Amino acid sequence: MAFSKNDIKIDPAKVTDSLVRQMRAVIGRRFHKRGAVIGVSGGIDSSVCLALSVRAFGPSKVLSLALPETDSNPESEQLAHELAGQFGVELIVENMTPALDGFGTYQRRDEAIKRVFPEFTPAYKSKIVLPDNLMEKETLNVFYLTIIAPDGQEKTARLPLQEYLQIVAASNFKQRSRMAMLYYHAERLNYGVIGTPNKNELDQGFFVKWGDGGADIKPIAHLFKTQVYQLAEYLDIPNKIQERPPTTDTYSAESTQEEFFFRVPFEIGDLVLLGMEQNASVSEIALAAGISEEQVVRIQNDIKRKIKTTEYLKAGPVYIES
Amino acid sequence: MADIKQTLREYIVENFLFGDTDFEFDDETSFMDSGILDSTGILELITFVESTFEITIDDDEVLPENLDSLKSLEAFITTKR
């Protein structure tokens, strides 16, 4: 049967039942934990994971944590409260800014930004983005820095190597500090940590190693983003969360996941990747996704490169023998 | 022409392969597909090419057909000089 956009559809009830059973088995019988800790960002992935955890372990055995820092959008914490309230789960808010200040996160990051844009001050906002033209041109994944002045004026420049590495390394303190805080609460309660990546993020390496990549179980890591949305609807995740564009919520300037990393809308990228996995022809994928065959090939090449070049992120320590 | 390619090959072997000449790649081997370079490596390569060959690589030139093999890089650098 020809590949079609319906192939991305799942049976949410069946998927939920299967995931809940497996989460209980892993966290309970295999890891001998008594519940689950989950960081909630106000995004769709962590919300779905929280709802699944509540079904698996019961609301009294799930602890949700909001982990804001100075660059976080305040809406993220508001949505975390709304989500926890709806599912009857305790929410603890841990302000990560003092810990991140201790690491020198902001100072190290801003020092690198200032080398690119000397006029940059903490009053500015900043973000890192990839070229937004993948649908038109097969540009390589080289990162750009955008700064936004207090008067709204934007400037963008391709990042030199040292500055790119320093900004990313400093920013990654955020995910790694959050992971440490999640494990603090998990260990004091003898709970397991639920990781929230979806398939797009895991396959293409959109996570921080030993940061948001650090968890005991990742229940939705095999699901495409658009499938996570199908689960969200079934699990009755608040509409505000379902309608919110996926963001990184890592940089002070708003940055969607599409502009930061994926470069194409999820509705298209998911079908292209699924088509690749099902060995569908380029013309079938183009028809299903409503784009040209040339665009399919460009997106496929981008996805293949990301999968190939992010092996380091996905690998644990490699043990070698003499 | 040989100088450009040789300079690039030496840089790639020394910088990205730790001098390991057991890993063979020809002039048309894709740096990305063969696993020699990731996106950070491309950025590093751009920095090297710009400083060594005294050229500026514009944003819309950061394309696989310009940068992803010894042959394409050599041709690209030649047109830019």
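Calculation notes
Each chain carries its own residue numbering, running from 1 in the written order of its sequence. Key to labels: chains lettered from A, ligands numbered from 1, both in the order written. Only residues with pLDDT of at least 70 are given local features in this predicted model, and only at 80 or more are side-chain atom pairs given and counted; all residues enter the totals for whole chains, interfaces and linings. Paired strands are those between which DSSP finds at least two bridges. Numbering of helices and strands starts at the N terminus; helices are DSSP runs of H or I of at least 4 residues and strands are runs of E of at least 2. Helix axes are fitted only over the stretch in contact, all axes being lines through C-alpha atoms; the angle between N-to-C directions runs from 0 to 180 degrees. Here, residues touch in the contact sense if the C-beta positions derived from the backbone fall within 7 Å of one another. Throughout this entry, Asp, Glu, Lys and Arg are counted as charged residues, while Ala, Val, Leu, Ile, Met, Phe, Trp, Tyr, Cys and Pro are counted as nonpolar. The remaining residues, Gly among them, count as polar.

**Digging into the sheet that holds strand E4 (residues 125-129) of chain A**
Residues and elements named next belong to chain A.
Thinking step 1. Spatial ordering of the open sheet is given by E4-E5-E6, a layout of 3 strands whose pairing is antiparallel. Only two strands of the sheet have a single neighbouring strand rather than two, namely E4 and strand E6 (154-158). Recorded for the sheet is a direction-independent mean angle of 20 degrees between the axes of neighbouring strands.
Thinking step 2. With 5 bridges joining them, strand E5 (residues 144-148) and E6 adopt antiparallel strand pairing. Looking at the pairing, Tyr144 lines up with Arg158 of E6.

**Topic: the interface of chain B and chain A**
Thinking step 1. On the side of chain A, 12 residues touch chain B, which itself brings 14 residues to the contact.
Thinking step 2. Of all the secondary-structure elements, those providing two or more residues to the side of chain B that touches chain A are helix H2 (39-53) and helix H3 (64-67) of chain B.
Thinking step 3. Looking at the side of chain B that touches chain A element by element, the count peaks at 5 residues for H2 of chain B.
Thinking step 4. In terms of residue class, the side of chain B that touches chain A is made up of 7 nonpolar, 3 polar and 4 charged.

**Thoughts on the sheet that holds strand E1 (residues 36-39) of chain A**
Residue and element names in this part refer to chain A.
Thinking step 1. Taken in spatial order, the 4 strands make up an open sheet running E3-E2-E1-E7, and their pairing is parallel. Looking at the sheet topology across the chains shown, the edges are occupied by strand E3 (90-93) and strand E7 (192-193).
Thinking step 2. Where E1 meets strand E2 (residues 62-66), 4 bridges bridge the pair, whose relative direction is parallel. Among the inter-strand pairings, Ala36 is bridged to a residue of E2, identified as Val62.
Thinking step 3. Most of the contacts of helix H2 (residues 44-57) go to E1, to which it runs at about 165 degrees, and overall it touches E1 and E2.

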